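# Examining the three-dimensional arrangement
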Amino acid sequence: MTHRVINFNAGPATLPLSVLEKTRDELLDFEGTGMSLLEHSHRGAAYAAVHAEAKSLLKELLSIPDDYHVLFMQGGASAQFALVAMNLLDGGSADYAVTGTWSKKALAEAKVLGGGRVAFDASAGGGGFTRVPKQEELDLDPKARYLHITTNNTVAGTQYHYIPKSDAPLVADMSSDILSRSLDVSKFGIIYAGAQKNLGPAGVTIVIIKDSLVGEGNAALPKIFRYRTIVDGDSLQNTGPTFPIYMVRNVLQWVKANGGAAGMEQRNKAKAALLYATIDGNADFFRCPIELESRSLMNVVFRLPTEDLEKQFIAEAAKNELMGIKGHRSVGGIRCSIYNAMEPSSIEKLVGFMKDFAAKNG
Ligand SMILES: Cc1ncc(COP(=O)(O)O)c(C=O)c1O
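Here is a short report on the structure shown in this document. (Residues numbered from 1 in each chain as written. Predicted model: local features only at pLDDT ≥ 70, side-chain atom pairs only at ≥ 80, totals over all residues. Heavy atoms only, no water.)

Right, let's talk about the overall build of the protein chain for a bit. The number of helices and strands found in the protein chain is 10 helices and 13 strands. Since a compact globule built from 362 residues should have a radius of gyration of about 21 Å, the 21 Å found for the protein chain is in line with a globular shape. Considered along the principal axes of its C-alpha atoms, the protein chain spans approximately 65 × 55 × 30 Å. Put simply, of all contacts in the protein chain between residues at least 6 apart along the chain, 65% involve residues at least 24 apart. (Helix = DSSP H or I, 4+ residues; strand = E, 2+ residues; numbered from the N terminus. Rg over C-alpha atoms; globule rule 2.2 N^0.38 Å. Contact = heavy atoms within 4.5 Å.)

It is worth spelling out the packing of helix H2 (residues 45–61) against helix H7 (residues 242–257) at this point. Close contact between H2 and H7 brings their axes to 9 Å; oriented N to C, the two are set at 45°. In terms of orientation, H2 lies oblique with respect to H7. Crossing angle aside, the handedness with which H2 passes H7 is left-handed. Of the residues in H7, those touching H2 at Tyr47, Val50, His51, Glu53, Ala54, Leu57, Leu58, Glu60 and Leu61 are Thr242, Ile245, Tyr246, Arg249, Leu252, Gln253, Val255 and Lys256. Considering only residue class, the contact of H2 with H7 consists of 10 nonpolar, 3 polar and 4 charged. (Axes fitted to C-alpha atoms, helices over the stretch in contact; angles between N-to-C directions. Parallel < 35°, antiparallel > 145°, perpendicular 65-115°, else oblique. Left-handed = near helix turned anticlockwise from the far one by under 90°. Nonpolar A, V, L, I, M, F, W, Y, C, P; charged D, E, K, R; others polar.)

As summarised here, the arrangement of the 7 strands in space is E2-E10-E9-E8-E5-E3-E4, forming an open sheet in which the pairing is mixed. Two strands close off the open sheet at either side, each with one partner strand: strand E2 (68–73) and strand E4 (116–121). For this sheet the average axis-to-axis angle between neighbouring strands, irrespective of direction, equals 20°. Relative to strand E9 (residues 190–194), strand E8 (residues 170–173) runs parallel, the two sharing 3 bridges. Following the sheet pairing, alanine 172 is matched in E9 by isoleucine 191. Helix H4 (residues 101–112) contacts strand E3 (94–98), E4, strand E5 (147–150), E8 and E9 of the sheet and is inclined by roughly 155° relative to E3. (Pairing = 2+ DSSP bridges.)

Turning next to the pattern of salt bridges. Inspection of the entire model under this criterion finds 15 salt bridges. Its salt-bridge partner being lysine 22, residue glutamate 26 comes within 3.4 Å of it at the nearest N-O pair. Here the residue glutamate 26 and the residue lysine 22 both occupy positions in helix H1 (residues 17–26), the gap between them amounting to 4 residues, near one helical turn. In this structure, the salt-bridge partner of aspartate 234 is lysine 55, at a minimum N-O distance of 2.8 Å. You can see aspartate 234 sitting in the loop between helix H6 (227–232) and H7 and its partner lysine 55 sitting in helix H2, a full 179 residues away along the chain. (Salt bridge = Lys/Arg side-chain N within 4 Å of Asp/Glu carboxyl O.)

Applying the stated rule across the entire model yields 13 aromatic pairs. Centroid distance phenylalanine 243 to tyrosine 246: 5.2 Å. Interplanar angle 50°. Geometry classified as tilted. Here phenylalanine 243 and its partner tyrosine 246 are both found in helix H7, 3 residues apart, which amounts to about one turn of the helix. Classification of phenylalanine 243 by relative accessible area gives buried; the value is 16%. (Phe/Tyr/Trp six-rings, centres within 6.5 Å; stacked < 30°, edge-to-face > 60°. Buried < 20%, exposed > 50% of the residue type's maximum accessible area, 1.4 Å probe, protein only.)

Here we come to unusual backbone geometry. In this chain, glycine 11 is followed by proline 12 through a cis amide linkage whose omega measures -5°. Its identity is not glycine, yet aspartate 234 carries a phi of approximately 50°, on the positive side. Despite not being glycine, glutamate 321 shows a phi value in the positive range, around 65°. By secondary structure assignment, the location of glutamate 321 is in the loop between helix H9 (307–319) and strand E12 (322–323). On the basis of relative accessibility, which here comes to 29%, the residue glutamate 321 falls in the partly exposed class.

Inspection of the region around the ligand gives 13 residues, with Ser78, Thr154, Asp173, Gln196 and Lys197 positioned closest. Within the backbone of alanine 77, a nitrogen or oxygen atom sits 3.1 Å from an oxygen atom of the ligand. Within the side chain of serine 78, an N or O atom sits 2.6 Å from an oxygen atom of the ligand. Here the shell around the ligand gets 4 residues from one element, more than from any other, and that element is helix H3 (residues 76–88). Looking at side-chain class alone, the shell around the ligand contains 3 nonpolar, 8 polar and 2 charged residues. (Near = heavy atom within 4 Å. Polar contact = N/O pair within 3.5 Å; in protein donor to acceptor, adjacent residues only side chain to side chain.)

This paragraph deals with the pairing of E2. Among the 6 residues that make up E2, 5 are buried, leaving the element largely enclosed by the rest of the structure. The sheet contact formed by E2 and strand E10 (residues 205–210) spans 6 bridges and is antiparallel. When the bridges of E10 are listed, histidine 69 appears paired with isoleucine 209.

Let us look at the side chain of histidine 51. Tracing the chain through its elements places histidine 51 in helix H2. Exposure remark for histidine 51: the relative accessible area of 3% places this residue in the buried category. Here aspartate 234 takes part through its backbone oxygen, which lies 2.9 Å from a polar atom of the side chain of histidine 51. Setting aside residues no more than four positions away along its own chain, histidine 51 makes contact with Phe72, Asp234, Ser235, Leu236 and Ile245.

Further remarks concern the side chain of arginine 335. By the secondary structure assignment, arginine 335 is in strand E13 (residues 334–337). Within the structure, arginine 335 has its side chain in polar contact with the backbone oxygen of threonine 154 (distance 2.8 Å). If near-sequence neighbours (up to four positions away) are discounted, arginine 335 is found in contact with Phe8, Ala10, Thr154, Val155, Asn299, Val300, Val301, Gly324, Ile325, Lys326, Gly327 and His328.

Attention now goes to H1. Within the span of H1, buried status applies to Val19, Thr23 and Glu26. Viewed along the axis of H1, the buried residues span an arc of 75°, placing them on a single side of the element. Away from the buried face of H1 by more than 90 degrees, exposed residues Arg24 and Asp25 are located. Contacts from the buried residues of H1 go to H7. (Arc of directions from axis to C-beta.)

Right, dumping it as structure tokens:
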């Protein structure tokens, strides 16, 4: 049997084993065509079916309304930081709720274009990014072109558990929690997400955009940077990341077979509850720095009594084949990323290890 460890990496992240196996089995001869999908034309029938299925599965699983487009783009979520501002600012300004590393970067790109305004800064008190704002804490500009939020803060370990309201369209970076729970897409103007956490491998970015925001396309932008171009080309205006999109299709099939968004939500809530209960239940040894209402179900962060114990914890976890739990270099501590594909049984193994370690070292 192939050797597989438990992989808590933040992204690229663990993928369902059955998806990897299917991808392996189809690699050399895709559906009897005698070619790998890697070798198929992006305009040929074999790939066209995959492209269409990936799109329709996402529409189905997220109940995406008909007046939205699903796009497959490149450049990661980072390119969307710039593209959202390039396409939507139109000489105006947009509001940004700054809740972590990634929303800071998104804001910085809007500022390059002269239009980023801080509607909330979770680090303002000096204590780091330990929560997301409540609705009433958002300082909204009535003339804002959009409000930008990061629904799950991968580095900080915080997540919105409500959808903020604004008169301006809501733009959400959902890179680290897309399809992890049921979602009312109609509340958003644009949702974007790099695939490499919940949806597949790195190399493709999913964009869900309301038709009214696509408009005619900003004529001041080169065509390839206009959402209009990607919509009109059905994401095939140039040679796209065919293989990552194929793997996203496979992951979406797996999500569907495992209860869809509601099934993922149930599974994710149970996994996170077990992990947080273990942290809170051993409060003299483990401590989660995140405010209760903002705790992420995707990236669970916690601290041990000392940094030396944290180092030892990470090293001993690795000996137990629990990999990738070191916190982001900017915040330290421990971070366990437990996206959709993380099996509940793996969380049980992790909490068993945590309890043993606390008993021996507490
Ligand atoms: C919430 C969030 N936004 C944006 C990014 C950047 O994504 P990319 O590397 O696809 O540009 C990440 C990456 O980890 C992320 O977690």
